[in-house]
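# Structural overview for review
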Amino acid sequence: MPTPRAEAAAEPRAGIQVIERMMKLLDVLSYHPDPVSLKQLALETGLHPSTAHRILAAMSASGFVERADPGTYRLGIRLLELGNVVKSRISIGKAAMPLMERLHREIGESVNLGVRQGDEIVYVERTSSGRSSIRVVHLVGARAPLHVTAVGKLYLAEDGPQKLREYARRTGLPGYTPTSLTTVAALERDVDRARRHGIAFDNEEIEQGLRCVAAPVRDDSGELVAGLSVSAPAERHNPDWIERVKQTADAISLAIGYQAPKPTPKTH
């Protein structure tokens, strides 16, 4: 009879084995331009048909695989979505870094690039000032809720009032500092200002002593794909940064194909 320790050790291995089998199935599906039968998939992966069928069913439910004709499978649209996300992040980061570094040299503070992932912002690029004695949350790979970050508020502004209220219901708007916006009314007012002015602020809302200003980055379709922000200790925060952050975000947008709408000619 296996001991509890042996069972505990076996569980992670079992999970890894499932992932390995999933990858085998995805690899085989990628080799075939047409839908592949369960029998062929089992043959090429060396999996028992019942095992292959069980894993394919789970991947189908998640959109990684699609069932075509009865008993046949092909790669799912979810992989295309994820691939586009990766592609966009790579191209944005490559275009953004030289401009972020220039802004960093101008103002001497941390410059961050954040993207949305669900109800959070993920920071994908950062230049560090090395001057802050407080713990800065904007580390590459770090996550933070939308409502307490300047970049997150840009996305909430893009969502509109209805989706903002849905976000509030979903998350409960937890507070992190005394200045965190924890009511729908307060968040709506702040997000409305961001929508009208094209700039958003974090007033020590996720970390006491840290303030942030952010502007939107848009792709060739006009979609908001990232937020550029400058974060600094509150005593060093400078309102003069607003235009520089906007200009740098606009330059990144231009570099990835965005074209600002031309103003409508006035009629007399």
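Residues numbered from 1 in each chain as written. Predicted model: local features only at pLDDT ≥ 70, side-chain atom pairs only at ≥ 80, totals over all residues. Heavy atoms only, no water.

Let's shift gears to the pattern of salt bridges. Across all of its chains, the model carries 13 salt bridges by this definition. When the shortest N-O distance is used, the salt bridge between Glu66 and Arg74 registers 3.3 Å. Relative accessible area serves as the criterion here: at 40%, Arg74 is assigned to the partly exposed category. The partner of Lys153 in a salt bridge is Glu205, with the nearest N and O atoms 2.8 Å apart. Taken together, the positions of Lys153 in helix 5 (residues 150-159) and Glu205 in the loop between strand 7 (200-203) and strand 8 (210-218) put the pair 52 residues apart, joining distant regions of the chain. Given a relative accessible area of 1%, Lys153 falls into the buried group. For Glu205, a relative accessible area of 4% gives the class buried. (Salt bridge = Lys/Arg side-chain N within 4 Å of Asp/Glu carboxyl O. Buried < 20%, exposed > 50% of the residue type's maximum accessible area, 1.4 Å probe, protein only. Helix = DSSP H or I, 4+ residues; strand = E, 2+ residues; numbered from the N terminus.)

Another point: the environment of Ala42. In this structure, Ala42 sits in helix 2 (residues 38-45). The residues touching Ala42, leaving out its near neighbours within four places in the chain, are Leu47, His48 and Pro49. (Contact = heavy atoms within 4.5 Å.)

Within the element layout of this structure, Gly227 appears in strand 9 (residues 224-233). On the accessibility criterion, Gly227 (0% relative accessible area) is buried. Counting along the chain gives 75 residues from Gly227 to Gly152, while the straight-line C-alpha distance between them is 8.0 Å.

Packing of helix 2 against helix 3 (residues 49-62) brings their axes to within 9 Å, and their N-to-C directions diverge by 110 degrees. Judged by the angle between their axes, helix 2 and helix 3 are roughly perpendicular. Judged by residue contacts, Leu38, Leu41 and Ala42 of helix 2 engage Pro49, Ala52, His53 and Leu56 from helix 3. Of the residues that constitute the contact of helix 2 with helix 3, the class distribution is six nonpolar, one polar and no charged. (Axes fitted to C-alpha atoms, helices over the stretch in contact; angles between N-to-C directions. Parallel < 35°, antiparallel > 145°, perpendicular 65-115°, else oblique. Nonpolar A, V, L, I, M, F, W, Y, C, P; charged D, E, K, R; others polar.)

On the basis of which strands lie adjacent, the open sheet formed by six strands has the order 6-5-4-9-8-7 and antiparallel pairing. For this open sheet the edge positions go to strand 6 (143-145) and strand 7, each flanked by a neighbour on one side alone. Averaged over all pairs of adjacent strands, the angle between their axes in this sheet comes to 30 degrees, without regard to strand direction. In the sheet, strand 7 pairs with strand 8 via four bridges, with the strands oriented antiparallel. Within the sheet, the bridge partner assigned to Ala200 lies in strand 8 and is Ala214. Helix 8 (residues 241-255) contacts strand 7, strand 8 and strand 9 of the sheet and is inclined by roughly 30 degrees relative to strand 8. (Pairing = 2+ DSSP bridges.)

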